[in-house]
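Topology and contacts: notes
Letter by letter, the chains look like this.
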Amino acid sequence: MTVVVLGSANLDLVYEVERIPAPGETVLSRGFEAFPGGKGNNQAIATARAGADVRFIVALGRDAAGDRLADEARRAGITLQARRVDAPTGSAVIFVDQHAENSIVVNSGANAALVDPTMGELADIAAADLLVLQLETPIATVGAAVTAARAAATTVILNAAPSAAVPAELLRAVDVLVVNEHEAAELAGEPDGTGERSLLSVLTGHGCAVIVTLGSDGALVGVPGQDPVKVPAVKVDAKDTTGAGDTFVGAFAAALDRGTRSTDLASLVAATEFATAAAAIAVQRKGAVPSIPTLEEVERFRKGRSRERHQS
Ligand code: ATP
(Lines give C-alpha, C1' and ligand atoms only; values in the text may rest on other atoms or scores of the structure.)
Protein backbone atom coordinates (compact mmCIF):
# COMPACT_ATOMS: atom_id res chain seq x y z
CA MET A 1 0.00 0.00 0.00
CA THR A 2 1.58 3.28 -1.08
CA VAL A 3 0.67 6.89 -0.55
CA VAL A 4 2.02 9.35 -3.13
CA VAL A 5 2.40 12.91 -1.86
CA LEU A 6 2.94 15.49 -4.62
CA GLY A 7 3.87 18.94 -3.40
CA SER A 8 6.23 21.61 -2.21
CA ALA A 9 9.40 21.55 -0.16
CA ASN A 10 11.01 24.64 1.35
CA LEU A 11 13.90 25.39 3.62
CA ASP A 12 12.46 27.62 6.36
CA LEU A 13 15.00 30.21 7.56
CA VAL A 14 13.78 31.38 10.95
CA TYR A 15 15.23 34.56 12.51
CA GLU A 16 14.36 35.45 16.10
CA VAL A 17 14.22 39.25 16.40
CA GLU A 18 13.22 41.68 19.12
CA ARG A 19 10.95 43.40 16.64
CA ILE A 20 10.16 42.91 12.98
CA PRO A 21 12.16 45.49 10.97
CA ALA A 22 10.28 48.47 9.54
CA PRO A 23 10.96 49.48 5.90
CA GLY A 24 14.57 50.66 5.60
CA GLU A 25 15.49 49.38 9.06
CA THR A 26 18.21 46.83 9.92
CA VAL A 27 17.87 44.77 13.09
CA LEU A 28 20.15 42.16 14.65
CA SER A 29 18.85 38.62 14.95
CA ARG A 30 18.94 36.98 18.41
CA GLY A 31 18.87 33.48 17.01
CA PHE A 32 18.72 31.63 13.72
CA GLU A 33 17.69 28.14 12.65
CA ALA A 34 16.94 26.48 9.31
CA PHE A 35 14.20 23.83 9.22
CA PRO A 36 12.67 21.67 6.49
CA GLY A 37 9.20 22.99 5.57
CA GLY A 38 6.70 23.38 2.76
CA LYS A 39 3.27 21.76 2.94
CA GLY A 40 4.15 18.86 0.64
CA ASN A 41 7.30 18.03 2.59
CA ASN A 42 5.58 18.34 6.00
CA GLN A 43 2.67 16.16 4.91
CA ALA A 44 4.97 13.54 3.34
CA ILE A 45 6.87 13.33 6.65
CA ALA A 46 3.62 13.25 8.68
CA THR A 47 2.21 10.45 6.49
CA ALA A 48 5.43 8.41 6.78
CA ARG A 49 5.70 8.90 10.57
CA ALA A 50 2.07 7.76 10.86
CA GLY A 51 3.12 4.44 9.37
CA ALA A 52 2.46 4.64 5.61
CA ASP A 53 4.78 3.74 2.77
CA VAL A 54 5.30 7.18 1.13
CA ARG A 55 6.60 8.29 -2.25
CA PHE A 56 7.16 12.06 -2.49
CA ILE A 57 7.07 13.80 -5.90
CA VAL A 58 8.83 17.15 -5.50
CA ALA A 59 11.10 19.63 -7.32
CA LEU A 60 14.32 20.72 -5.61
CA GLY A 61 17.12 23.01 -6.78
CA ARG A 62 20.63 21.74 -7.43
CA ASP A 63 21.84 23.41 -4.26
CA ALA A 64 22.76 22.68 -0.65
CA ALA A 65 19.18 23.36 0.52
CA GLY A 66 17.91 20.76 -1.98
CA ASP A 67 20.51 18.21 -0.75
CA ARG A 68 19.50 18.83 2.85
CA LEU A 69 15.76 18.45 2.19
CA ALA A 70 16.37 15.28 0.16
CA ASP A 71 18.52 13.80 2.98
CA GLU A 72 15.99 14.62 5.68
CA ALA A 73 13.10 13.16 3.65
CA ARG A 74 15.04 9.94 3.07
CA ARG A 75 15.89 9.76 6.77
CA ALA A 76 12.16 9.96 7.51
CA GLY A 77 11.79 6.77 5.44
CA ILE A 78 10.29 8.48 2.38
CA THR A 79 11.04 7.27 -1.15
CA LEU A 80 11.94 10.44 -3.00
CA GLN A 81 10.90 11.03 -6.60
CA ALA A 82 12.72 14.37 -6.84
CA ARG A 83 13.34 16.47 -9.90
CA ARG A 84 16.49 18.56 -9.50
CA VAL A 85 15.87 21.76 -11.48
CA ASP A 86 17.74 24.94 -12.44
CA ALA A 87 16.03 27.10 -9.84
CA PRO A 88 16.83 27.63 -6.17
CA THR A 89 15.14 25.25 -3.74
CA GLY A 90 11.96 26.81 -2.32
CA SER A 91 12.57 28.84 0.81
CA ALA A 92 10.78 30.92 3.40
CA VAL A 93 12.34 33.73 5.41
CA ILE A 94 10.51 33.97 8.73
CA PHE A 95 10.97 36.72 11.31
CA VAL A 96 9.57 35.88 14.75
CA ASP A 97 9.45 38.72 17.28
CA GLN A 98 9.42 38.62 21.10
CA HIS A 99 5.61 38.37 21.12
CA ALA A 100 5.72 35.36 18.74
CA GLU A 101 4.24 37.50 15.93
CA ASN A 102 5.77 36.63 12.58
CA SER A 103 6.37 38.02 9.09
CA ILE A 104 7.07 35.59 6.28
CA VAL A 105 8.42 35.88 2.73
CA VAL A 106 8.16 32.73 0.59
CA ASN A 107 10.18 32.11 -2.56
CA SER A 108 8.54 29.23 -4.48
CA GLY A 109 11.75 28.67 -6.46
CA ALA A 110 11.96 25.05 -7.64
CA ASN A 111 8.37 24.35 -6.52
CA ALA A 112 7.11 26.49 -9.41
CA ALA A 113 9.01 24.21 -11.81
CA LEU A 114 6.95 21.14 -10.85
CA VAL A 115 5.01 21.33 -14.14
CA ASP A 116 4.12 18.83 -16.89
CA PRO A 117 4.14 15.60 -14.84
CA THR A 118 6.51 13.03 -16.36
CA MET A 119 5.47 9.51 -17.44
CA GLY A 120 7.28 8.15 -14.39
CA GLU A 121 5.47 10.48 -11.99
CA LEU A 122 2.07 9.68 -13.55
CA ALA A 123 2.85 5.95 -13.34
CA ASP A 124 3.66 6.33 -9.62
CA ILE A 125 0.33 8.07 -9.06
CA ALA A 126 -1.53 5.37 -10.98
CA ALA A 127 0.19 2.63 -8.95
CA ALA A 128 -0.56 4.29 -5.60
CA ASP A 129 -3.52 3.59 -3.34
CA LEU A 130 -3.78 7.20 -2.24
CA LEU A 131 -2.65 10.57 -3.61
CA VAL A 132 -2.21 13.60 -1.31
CA LEU A 133 -2.00 17.11 -2.83
CA GLN A 134 -1.89 20.72 -1.63
CA LEU A 135 -1.95 24.09 -3.42
CA GLU A 136 1.71 25.17 -3.18
CA THR A 137 2.22 23.45 -6.56
CA PRO A 138 1.08 24.90 -9.94
CA ILE A 139 -2.67 24.21 -10.23
CA ALA A 140 -2.26 22.62 -13.71
CA THR A 141 0.05 20.00 -12.16
CA VAL A 142 -2.48 19.34 -9.40
CA GLY A 143 -5.15 18.90 -12.09
CA ALA A 144 -3.01 16.51 -14.16
CA ALA A 145 -2.20 14.44 -11.07
CA VAL A 146 -5.89 14.20 -10.12
CA THR A 147 -6.80 13.10 -13.66
CA ALA A 148 -4.14 10.36 -13.58
CA ALA A 149 -5.33 9.22 -10.14
CA ARG A 150 -8.98 9.04 -11.19
CA ALA A 151 -8.17 6.99 -14.29
CA ALA A 152 -6.39 4.46 -12.07
CA ALA A 153 -8.89 4.48 -9.14
CA THR A 154 -6.28 6.02 -6.80
CA THR A 155 -8.10 7.79 -3.93
CA VAL A 156 -7.38 11.55 -3.96
CA ILE A 157 -7.06 13.74 -0.85
CA LEU A 158 -6.74 17.45 -1.65
CA ASN A 159 -5.69 19.80 1.14
CA ALA A 160 -6.79 23.08 -0.48
CA ALA A 161 -4.16 25.15 1.36
CA PRO A 162 -2.96 27.83 1.24
CA SER A 163 -6.29 29.47 0.47
CA ALA A 164 -6.87 29.80 -3.29
CA ALA A 165 -9.55 29.49 -5.92
CA VAL A 166 -9.97 25.88 -7.08
CA PRO A 167 -11.78 25.07 -10.35
CA ALA A 168 -15.14 23.35 -9.66
CA GLU A 169 -14.28 20.43 -11.94
CA LEU A 170 -11.16 19.77 -9.88
CA LEU A 171 -13.21 19.65 -6.66
CA ARG A 172 -15.64 17.25 -8.32
CA ALA A 173 -12.77 14.89 -9.17
CA VAL A 174 -11.39 14.76 -5.63
CA ASP A 175 -12.46 12.07 -3.13
CA VAL A 176 -11.71 13.97 0.09
CA LEU A 177 -11.19 17.70 0.49
CA VAL A 178 -9.44 18.85 3.69
CA VAL A 179 -9.61 22.55 4.57
CA ASN A 180 -9.46 24.79 7.63
CA GLU A 181 -12.33 27.19 8.37
CA HIS A 182 -10.75 30.07 6.48
CA GLU A 183 -10.08 27.96 3.36
CA ALA A 184 -13.60 26.46 3.57
CA ALA A 185 -15.18 29.93 3.58
CA GLU A 186 -13.01 31.04 0.66
CA LEU A 187 -13.89 27.95 -1.42
CA ALA A 188 -17.58 28.29 -0.58
CA GLY A 189 -17.41 31.89 -1.81
CA GLU A 190 -18.35 33.18 1.64
CA PRO A 191 -15.16 34.80 2.95
CA ASP A 192 -16.94 36.09 6.07
CA GLY A 193 -18.10 32.58 6.93
CA THR A 194 -21.73 31.67 7.60
CA GLY A 195 -21.42 28.88 10.12
CA GLU A 196 -19.56 25.62 9.84
CA ARG A 197 -22.43 23.43 8.78
CA SER A 198 -23.59 25.73 6.01
CA LEU A 199 -20.03 25.90 4.62
CA LEU A 200 -19.87 22.13 4.71
CA SER A 201 -23.12 21.75 2.78
CA VAL A 202 -21.82 24.11 0.06
CA LEU A 203 -18.61 22.13 -0.19
CA THR A 204 -20.13 18.64 -0.18
CA GLY A 205 -22.38 19.98 -2.96
CA HIS A 206 -19.40 19.33 -5.28
CA GLY A 207 -19.82 15.62 -4.67
CA CYS A 208 -16.69 14.98 -2.62
CA ALA A 209 -16.30 14.20 1.08
CA VAL A 210 -15.10 17.21 3.10
CA ILE A 211 -13.20 17.57 6.37
CA VAL A 212 -13.16 21.08 7.87
CA THR A 213 -10.57 21.43 10.63
CA LEU A 214 -11.56 23.81 13.41
CA GLY A 215 -8.35 24.28 15.41
CA SER A 216 -8.91 23.58 19.12
CA ASP A 217 -12.54 22.71 18.30
CA GLY A 218 -11.58 19.61 16.31
CA ALA A 219 -13.01 18.83 12.88
CA LEU A 220 -16.27 18.38 11.00
CA VAL A 221 -16.62 15.44 8.64
CA GLY A 222 -19.17 15.63 5.83
CA VAL A 223 -20.18 13.37 2.97
CA PRO A 224 -22.80 14.32 0.39
CA GLY A 225 -26.35 13.60 1.48
CA GLN A 226 -25.62 12.72 5.14
CA ASP A 227 -25.58 14.72 8.38
CA PRO A 228 -22.05 15.87 9.24
CA VAL A 229 -20.22 14.41 12.24
CA LYS A 230 -18.18 16.54 14.65
CA VAL A 231 -14.95 15.00 15.92
CA PRO A 232 -13.79 17.00 18.98
CA ALA A 233 -10.13 17.96 19.39
CA VAL A 234 -8.21 16.18 22.14
CA LYS A 235 -7.88 18.64 25.06
CA VAL A 236 -4.22 19.46 25.59
CA ASP A 237 -2.05 22.36 26.67
CA ALA A 238 -1.08 23.74 23.23
CA LYS A 239 2.38 25.36 22.98
CA ASP A 240 2.88 25.87 19.25
CA THR A 241 0.23 25.09 16.63
CA THR A 242 2.63 25.47 13.65
CA GLY A 243 2.21 22.45 11.42
CA ALA A 244 -1.00 21.21 13.13
CA GLY A 245 -2.80 21.21 9.79
CA ASP A 246 -0.02 19.31 7.98
CA THR A 247 0.23 16.76 10.79
CA PHE A 248 -3.55 16.30 10.60
CA VAL A 249 -3.54 15.72 6.81
CA GLY A 250 -0.61 13.27 6.90
CA ALA A 251 -2.02 11.27 9.81
CA PHE A 252 -5.46 11.25 8.20
CA ALA A 253 -4.03 9.91 4.91
CA ALA A 254 -2.01 7.18 6.68
CA ALA A 255 -5.05 6.12 8.75
CA LEU A 256 -7.27 5.96 5.67
CA ASP A 257 -4.60 3.98 3.83
CA ARG A 258 -4.32 1.49 6.72
CA GLY A 259 -8.08 0.95 6.72
CA THR A 260 -10.27 0.01 3.80
CA ARG A 261 -9.51 3.28 1.94
CA SER A 262 -13.26 3.64 1.68
CA THR A 263 -14.50 7.22 1.87
CA ASP A 264 -17.77 6.33 3.65
CA LEU A 265 -18.64 8.44 6.69
CA ALA A 266 -17.55 5.84 9.28
CA SER A 267 -14.09 5.35 7.71
CA LEU A 268 -13.56 9.12 7.42
CA VAL A 269 -14.58 9.66 11.05
CA ALA A 270 -12.18 6.91 12.21
CA ALA A 271 -9.30 8.46 10.22
CA THR A 272 -10.22 11.92 11.58
CA GLU A 273 -10.11 10.62 15.18
CA PHE A 274 -6.59 9.31 14.58
CA ALA A 275 -5.59 12.61 12.90
CA THR A 276 -6.92 14.77 15.78
CA ALA A 277 -4.85 12.68 18.22
CA ALA A 278 -1.70 13.12 16.07
CA ALA A 279 -2.32 16.87 15.77
CA ALA A 280 -2.95 17.17 19.54
CA ILE A 281 0.52 15.71 20.16
CA ALA A 282 2.06 18.07 17.59
CA VAL A 283 0.59 21.25 19.15
CA GLN A 284 2.25 20.40 22.49
CA ARG A 285 5.69 20.54 20.83
CA LYS A 286 7.70 23.34 19.18
CA GLY A 287 8.22 23.61 15.41
CA ALA A 288 6.57 21.96 12.42
CA VAL A 289 8.52 18.86 11.33
CA PRO A 290 10.10 18.18 14.77
CA SER A 291 6.62 18.15 16.34
CA ILE A 292 5.12 15.45 14.07
CA PRO A 293 4.53 12.24 16.06
CA THR A 294 5.17 8.62 15.04
CA LEU A 295 2.47 5.93 14.81
CA GLU A 296 3.66 4.43 18.14
CA GLU A 297 3.41 7.81 19.87
CA VAL A 298 -0.13 8.37 18.58
CA GLU A 299 -1.22 4.86 19.62
CA ARG A 300 0.27 5.27 23.12
CA PHE A 301 -1.38 8.70 23.47
CA ARG A 302 -4.78 7.36 22.42
CA LYS A 303 -4.51 4.39 24.82
CA GLY A 304 -3.59 6.75 27.68
CA ARG A 305 -6.54 9.04 26.94
CA SER A 306 -8.99 6.16 26.70
CA ARG A 307 -7.70 4.72 30.05
CA GLU A 308 -8.20 8.19 31.64
CA ARG A 309 -11.76 8.32 30.30
CA HIS A 310 -12.59 4.90 31.76
CA GLN A 311 -11.14 5.83 35.15
CA SER A 312 -13.07 9.09 35.42
P1 ATP B 1 -1.87 25.41 10.84
O2 ATP B 1 -2.01 26.34 9.65
O3 ATP B 1 -1.66 26.10 12.16
O4 ATP B 1 -0.94 24.28 10.63
P5 ATP B 1 -4.62 24.75 10.17
O6 ATP B 1 -5.27 26.11 10.25
O7 ATP B 1 -4.40 24.16 8.82
O8 ATP B 1 -3.30 24.71 11.03
P9 ATP B 1 -6.26 23.81 12.35
O10 ATP B 1 -7.70 23.66 12.10
O11 ATP B 1 -5.80 24.98 13.15
O12 ATP B 1 -5.49 23.68 10.96
O13 ATP B 1 -5.72 22.51 13.13
C14 ATP B 1 -5.74 21.21 12.55
C15 ATP B 1 -6.11 20.20 13.62
O16 ATP B 1 -5.14 20.25 14.68
C17 ATP B 1 -7.46 20.46 14.30
O18 ATP B 1 -8.52 19.85 13.58
C19 ATP B 1 -7.25 19.81 15.66
O20 ATP B 1 -7.52 18.43 15.60
C21 ATP B 1 -5.74 20.02 15.92
N22 ATP B 1 -5.52 21.19 16.79
C23 ATP B 1 -5.24 22.45 16.40
N24 ATP B 1 -5.12 23.28 17.47
C25 ATP B 1 -5.32 22.51 18.56
C26 ATP B 1 -5.33 22.75 19.98
N27 ATP B 1 -5.11 23.97 20.48
N28 ATP B 1 -5.57 21.70 20.80
C29 ATP B 1 -5.80 20.45 20.32
N30 ATP B 1 -5.80 20.15 19.00
C31 ATP B 1 -5.58 21.16 18.13
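About the cut-offs
- Within every chain, residues take consecutive numbers counted from 1 along the sequence as written.
- Only residues with pLDDT of at least 70 get local features here, since the model is predicted, and only at 80 or more are side-chain atom pairs given and counted; chain-wide, interface and lining totals rely on the full set of residues.
- Values reported for side chains reflect all heavy atoms of the structure, with hydrogen atoms and water molecules removed beforehand.
- The near set for a molecule or strand comprises every residue that places at least one heavy atom within 4 Å of it.
- Think of a polar contact as two N or O atoms within 3.5 Å of one another; within protein, one of them needs to be a possible hydrogen donor and the other a possible acceptor, and neighboring residues in sequence only count if both atoms come from side chains.
- Each accessible area value is a Shrake-Rupley result obtained with a 1.4 Å probe; residue values ignore everything except the protein chains displayed when judging cover.
- Numbering goes from the N terminus for both helices and strands, where a helix is a DSSP run of H or I of at least four residues and a strand is a run of E of at least two.
- In the sections that follow, a salt bridge refers to a side-chain nitrogen of Lys or Arg positioned within 4 Å of a carboxyl oxygen of Asp or Glu.
- The buried label goes to any residue with under 20% of its type's maximum accessible area, the exposed label to any with over 50%, and the partly exposed label to all in between, with areas taken from a 1.4 Å probe on protein chains only.
- Strands were regarded as paired on the criterion that DSSP finds at least two bridges between them.
- UniProt positions are given in the numbering used here, feature names are shortened, and annotations may be inferred rather than shown by experiment.
- Note on method: axes are straight lines fitted to C-alpha atoms, helices fitted across the in-contact stretch only, with angles between N-to-C directions ranging 0 to 180 degrees.
- Each angle receives one of four descriptions, namely roughly parallel if under 35 degrees, roughly antiparallel if over 145, roughly perpendicular if within 65 to 115, and oblique otherwise.
- Two helices crossing with the near one rotated counterclockwise from the far one by less than a right angle form a left-handed crossing, whereas a clockwise rotation gives a right-handed crossing.
- By definition, residues are in contact when any of their heavy atoms lie within 4.5 Å.
- By this rule the span expected of a helix is its residue count minus one, scaled by 1.5 Å.

Here we come to the site of the ligand. As a structural note, the neighbourhood of the ligand is formed by 18 residues, with N180, T213, G215, G218 and G245 the closest of them. Separating an oxygen atom of the ligand from a side-chain N or O atom of N180 is a distance of 3.0 Å. At a separation of 2.8 Å, an oxygen atom of the ligand approaches a polar backbone atom of G215. If the ligand stood free it would expose 630 Å²; the protein chains cover 80% of that surface. Going through the elements one at a time, α8 (244-258) and α9 (265-282) are the ones with two or more residues in the shell around the ligand.

Across all of its chains, the model carries nine salt bridges by this definition. The partner of R62 in a salt bridge is D86, and the shortest N-O contact between them spans 2.9 Å. With a gap of 24 residues between them, R62 in the loop between β4 (53-61) and α2 (64-75) and D86 in the loop between β5 (79-85) and β6 (90-96) connect regions that are remote in the sequence. Look at R62 and you get exposed, because its relative accessible area is 55%. With relative accessibility at 70%, the residue D86 sits in the exposed group.

This part takes up the pairing of strand β7 (residues 102-107). In the sheet, β6 pairs with β7 via six bridges, with the strands oriented antiparallel. Looking across to β7, one finds that V93 is bridged to V105. Between the end of β6 and the start of β7, which pair antiparallel, lie five residues, with A100 showing a positive phi angle near 65°.

The next point concerns the UniProt feature "active site" (unreviewed entry) in the chain. UniProt annotation of "active site" (unreviewed entry) refers to D246 when read in the numbering used here. Checked against the element boundaries, D246 lands in helix α8. Within the structure, D246 has its side chain in polar contact with the side chain of N42 (distance 3.0 Å).

Inspection of the sheet shows strand β2 (residues 10-17) paired to strand β3 (residues 29-37) by eight bridges, in the antiparallel sense. Looking at the pairing, E16 lines up with G31 of β3. Sheet topology places β2 next to β6; seven bridges connect them, and they run parallel. In the sheet register, V14 faces β6, and the bridge partner there is I94.

To continue, consider the packing of α8 against α9. Viewed as axis vectors pointing N to C, α8 and α9 meet at an angle of 140°, and their least axial separation amounts to 8 Å. With respect to α9, the axis of α8 lies oblique. In this structure, α8 crosses over α9, and the sense of that crossing is right-handed. Residue-level inspection shows A244, T247, F248, A251, F252, A255, L256 and R258 of α8 in contact with α9, the latter providing S267, L268, A271, T272, F274, A275, T276, A278, A279 and A282.

Turning our attention to the UniProt feature "binding site: K(+)" (unreviewed entry) in the chain. On the UniProt side, "binding site: K(+)" (unreviewed entry) is annotated at positions that read D240, T242, A282, R285, G287 and S291 here. Separation in sequence by 52 residues is not matched in space for these annotated residues, since their most distant C-alpha atoms are only 9.2 Å apart. By secondary structure assignment, the location of G287 is in the loop between α9 and α10 (295-311). G287 has contacts with D240 and T242, leaving out every residue within four places of it along the chain. Counting through the fold element by element, S291 comes out in the loop between α9 and α10. Residue classification places S291 among the buried residues on the basis of a relative accessible area of 0%. If sequence neighbours within four positions are ignored, S291 has contacts with T242, A282, R285 and K286. Only 3.0 Å separates the side chain of S291 from the backbone oxygen of G287, close enough to count as a polar contact.

A separate point is α8. Under the 1.5 Å per step criterion, the end-to-end length of α8 is 21 Å for 15 residues, consistent within 8% with the ideal 21 Å. The element α8 is extensively covered by neighbouring structure, given that 13 of its 15 residues are classed as buried.

A separate point is the sheet that holds β7. Where strands meet in a sheet, backbone hydrogen bonds hold them as pairs that are either parallel or antiparallel. Taking strand neighbours across the sheet as the criterion, the four strands line up as β3-β2-β6-β7 in an open arrangement whose pairing is mixed. Both edges of this open sheet fall to β3 and β7, since each of them pairs with a single strand only. Strand-to-strand, the axes of this sheet are offset by a mean angle of 15°, without reference to chain direction. Contacts from α2 reach β2 and β3 within the one sheet, and its direction differs from that of β3 by about 60°.

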